[in-house]
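Chain by chain, the residues run as shown.
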Amino acid sequence: MISRLVGNVSQKLPNLFHRVSLMMKPQVVFVLGGPGAGKGTQCSKIVGKYSFTHLSAGDLLREERAREGSEYGGLIDTYIKEGKIVPVEITISLLKKAMEDTMKKDEQKFRFLIDGFPRNEDNLQGWKKAMDDNADVKFVLFFDCSNEVCINRCLERGKNSGRTDDNRESLTKRIQTYLQSTRPVIDLYEKQGKVRTVDASRSVEEVFGDVKAIFDKEG
């Protein structure tokens, strides 16, 4: 069942890629860090100051999960509740469509913050296979903070967020998934000299001060 659904997504991807390739090539900054590291908060501030569109892989998956009639909703729900990483074909299809829709509305909006992706080696290879010729990854913005800080922030957020995964059991699984799967991806980009690391354990404004310095330097 899962392989059939994923296969259906794969068959739909080439047409999307072809249509976007006719537009200006998207410029991408991957935004990574543990759950609760402040990625969404900082992305909102970046969008407010710089010419970027924020795309959250997690938000897109949650929206698709909640969308009435989605053939992938149940599958996505299972993966999210178990703290696992959703099959890359589904995530990339949602990201690609979001980029395409944005650029169709305004051709000048070709710079994207992709928050929470790639989360593992499979995500990375899936991106390279589908997107290397269709988008340029400028650098990886890495928000680094301790597991304890991440968990406490998420538990506090969970009081009002309504997110089913903002609980200690899911968070423990998500932290382990992050350490085992996402950190190696960050390390790989680090070896390529493409990671810009920010100490995310501080206040929102202090963190954004460092973020601004990075974006001002990168242009």
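To start, this report covers the structure provided alongside it. (Residues numbered from 1 in each chain as written. Predicted model: local features only at pLDDT ≥ 70, side-chain atom pairs only at ≥ 80, totals over all residues. Heavy atoms only, no water.)

A few points about the overall build of the chain
Looking only at helices and strands, one finds 9 helices and 5 strands in the chain. In the chain, the succession of α and β elements from N to C terminus is α-β-α-β-α-α-α-β-α-β-α-α-β-α. Of all 219 residues assigned to the chain, the portion counted as buried reaches 47%. Split by element, the accessible area of the chain, about 10,900 Å² in all, is 48% carbon and sulfur. (Helix = DSSP H or I, 4+ residues; strand = E, 2+ residues; numbered from the N terminus. Buried < 20%, exposed > 50% of the residue type's maximum accessible area, 1.4 Å probe, protein only. Areas by Shrake-Rupley, 256 points an atom, 1.4 Å probe, with all protein chains shown as cover.)

A few points about the sheet that holds strand S1 (residues 27-33)
Pairing is parallel in the open sheet, where 5 strands are placed in the order S2-S3-S1-S4-S5. Only two strands of the sheet have a single neighbouring strand rather than two, namely strand S2 (53-56) and strand S5 (195-199). With direction set aside, neighbouring strand axes in the sheet form an average angle of 25°. By the bridge criterion, 5 bridges tie strand S4 (residues 136-144) to S5 in an arrangement that is parallel. (Pairing = 2+ DSSP bridges. Axes fitted to C-alpha atoms, helices over the stretch in contact; angles between N-to-C directions.)

A short note on unusual backbone geometry
That bond from phenylalanine 117 to proline 118 is cis: its omega, 0°, falls within 30 degrees of zero. Examined against the element boundaries, proline 118 turns out to sit in the loop between strand S3 (111-115) and helix H6 (121-131).

Some thoughts on the pattern of salt bridges
Enumeration according to the criterion identifies 13 salt bridges in this entry. When the shortest N-O distance is used, the salt bridge between glutamate 82 and lysine 84 registers 3.1 Å. On the basis of relative accessibility, which here comes to 36%, the residue glutamate 82 falls in the partly exposed class. Residue classification places lysine 84 among the partly exposed positions, given a relative accessible area of 47%. (Salt bridge = Lys/Arg side-chain N within 4 Å of Asp/Glu carboxyl O.)

Details of the packing of aromatic side chains
A full pass over the atoms with the stated rule returns 7 aromatic pairs. Look at phenylalanine 30 and phenylalanine 117: their rings are 6.1 Å apart centre to centre, the planes differ by 65°, and that puts the pair in the edge-to-face class. Within this pair, whereas phenylalanine 30 is found in strand S1, its partner phenylalanine 117 is found in the loop between S3 and H6, the two being separated by 87 residues in sequence. In this structure phenylalanine 30 comes out as buried when scored by relative accessible area, which is 0%. Ring pairs connect the aromatic residues Phe30, Phe117, Trp127 and Tyr189, which therefore count as one cluster. Positioned above the aromatic ring of phenylalanine 208 is the side chain of lysine 45, whose terminal nitrogen or guanidinium carbon lies 5.1 Å from the ring centre. Its end group placed over the ring of tyrosine 50, lysine 49 keeps NZ or CZ at 5.8 Å from the ring centre. (Phe/Tyr/Trp six-rings, centres within 6.5 Å; stacked < 30°, edge-to-face > 60°. Lys NZ or Arg CZ within 6 Å of the ring centre and 35° of its normal.)

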